[in-house]
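So the chains spell out like this:
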Amino acid sequence: MEIFHGTVESFEAQQASYDIVSLIGVLEHLVHPLECLRGCCKWLRQGGYLLITTLDAWRFPRLYKIKPPEHIFYFQRRHLVRLLEKSGFEVVEARTYFKSYKASDYLYAVSSVLAQRLVRPFLRFFDQFPKLDVVLPAVPTNEVVVLARKI
């Protein structure tokens with residue numbers, strides 16, 4: 001198996017040599033997402049698939065606002081679909097996905113953004129009472145998973 005380490009822009013693959021390319025939590029960090037998608041299209045064989053996860057900036061509540069500021073772009077699902085179509089893809093499916101979190105992880109994420117002074121007390125609480133650190137039901141993540149096919 002070959003592994004490439006570097007930027008998306010510097011990846012020089014043989015054209016039409018892959019069946020699937022995944023960009024899991026990548027697109028929102030790129031300076032030139034359109035060029036990246038066009039590159040992915042070149043790397044894929046005809047009918048190959050591109051799998052993307054990214055934040056859906058349209059969803060309510062706007063949970064993406066509690067993410068650290070390392071994101072360059074926030075996409076609304078409909079704009080991402082248009083960007084993919086512009087890059088040579090047809091969208092097969094685009095939907096919000098759900099994720100389960102442990103209570104401590106959820107409270108840590110929320111308190112670290114909204115009330116930093118609560119982080120340590122929450123962590124101490126779950127250290128003392130680990131059985132209460134239950135997995136919460138799946139909640140929408142404000143993220144979208146998109147499966148697109150090269151046309």
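Here's a quick rundown of the structure. Remember, predicted model here, so these are calculated numbers, not experimental data. (Residues numbered from 1 in each chain as written. Predicted model: local features only at pLDDT ≥ 70, side-chain atom pairs only at ≥ 80, totals over all residues. Heavy atoms only, no water.)

**Observations concerning the overall build of the protein chain**
Broken down by element type, the protein chain carries 4 helices and 4 strands. The order of α-helices and β-strands along the protein chain, N terminus first, is β-α-β-α-β-α-α-β. Expressed as a percentage of the 151 residues in the protein chain, the buried residues total 31%. Long-range pairs, those at least 24 residues apart, make up 77% of the contacts in the protein chain between residues at least 6 apart in sequence. Within the structure as shown, the protein chain displays about 10000 Å² of accessible surface, and the carbon and sulfur contribution to it stands at 58%. (Helix = DSSP H or I, 4+ residues; strand = E, 2+ residues; numbered from the N terminus. Buried < 20%, exposed > 50% of the residue type's maximum accessible area, 1.4 Å probe, protein only. Contact = heavy atoms within 4.5 Å. Areas by Shrake-Rupley, 256 points an atom, 1.4 Å probe, with all protein chains shown as cover.)

**Remarks on the pattern of salt bridges**
What the rule picks out here adds up to 5 salt bridges. In this structure, Arg 149 engages Glu 90 in a salt bridge whose closest nitrogen and oxygen atoms are separated by 2.6 Å. Taken as a pair, Arg 149 in strand E4 (residues 139–150) and Glu 90 in strand E3 (residues 89–99) lie far apart in primary sequence, 59 residues in all. By relative accessible area, Arg 149 is classed as partly exposed at 26%. (Salt bridge = Lys/Arg side-chain N within 4 Å of Asp/Glu carboxyl O.)

**Brief notes about a nonpolar patch on the surface**
Together, Val 31, Ile 72 and Phe 73 give the surface a local cluster of nonpolar side chains, amounting to about 260 Å² of exposed area. With respect to the secondary-structure elements, Phe 73 resides in the loop between strand E2 (44–55) and helix H2 (77–86). With relative accessibility at 32%, the residue Phe 73 sits in the partly exposed group. (Patch = residues over 30% accessible without salt bridge, like charges linked within 9 Å, V, L, I, M, F, W, Y side chains within 5 Å.)

**Remarks on the state of the cysteines**
A full pass over the atoms with the stated rule returns 0 disulfides. Left unpaired, Cys 40 is separated from the closest cysteine sulfur, that of Cys 36, by 4.2 Å. Residue Cys 40 is classed as buried on the basis of its relative accessible area, which comes to 0%. Sulfur of Cys 41: no disulfide; nearest cysteine sulfur belongs to Cys 40 and is 8.7 Å away. (Disulfide = S-S within 2.5 Å.)

**A look at the packing of aromatic side chains**
Any pair of aromatic rings gets described here by the distance separating the centres and the angle formed by the planes. Counted according to the given criterion, the structure contains 5 aromatic pairs. Ring plane angle 45° and centroid distance 6.3 Å describe the contact between Phe 11 and Tyr 18, whose orientation is recorded as tilted. On the accessibility criterion, Tyr 18 (35% relative accessible area) is partly exposed. Ring-pair connections join several aromatic residues into one group, and the members of that group are Phe 11, Tyr 18 and Trp 43. (Phe/Tyr/Trp six-rings, centres within 6.5 Å; stacked < 30°, edge-to-face > 60°.)

**A look at the pairing of E2**
Where strand E1 (residues 18–24) meets E2, 6 bridges bridge the pair, whose relative direction is parallel. For Ser 22, the partnering residue across the bridge sits in E2 and is Leu 51. One crossover worth recording links E1 to the parallel E2 by way of helix H1 (residues 33–43), and it is right-handed. (Pairing = 2+ DSSP bridges. Right-handed = clockwise from strand over helix to strand, strands pointing away.)

**Details of the layout of surface pockets**
Roughly 540 Å³ of volume is contained in the largest pocket. It is E1 that provides the largest number of residues to the lining of the largest pocket, a total of 5 residues. When grouped by side-chain class, the residues that make up the lining of the largest pocket number 11 nonpolar, 3 polar and 2 charged. (1 Å grid on protein atoms, 1.4 Å probe; cavity = no way out; pocket = protein on both sides within 12 Å on 5 of 7 lines; lining within 4 Å. Points joined across faces, edges and corners; volume = space filled by probe spheres on them. Nonpolar A, V, L, I, M, F, W, Y, C, P; charged D, E, K, R; others polar.)

**Some remarks on unusual backbone geometry**
Within the chain, Ala 16 stands out as a residue other than glycine whose phi angle is a positive 55°. Looking at the element boundaries, Ala 16 is found in the segment before E1. Residue classification places Ala 16 among the partly exposed positions, given a relative accessible area of 40%.

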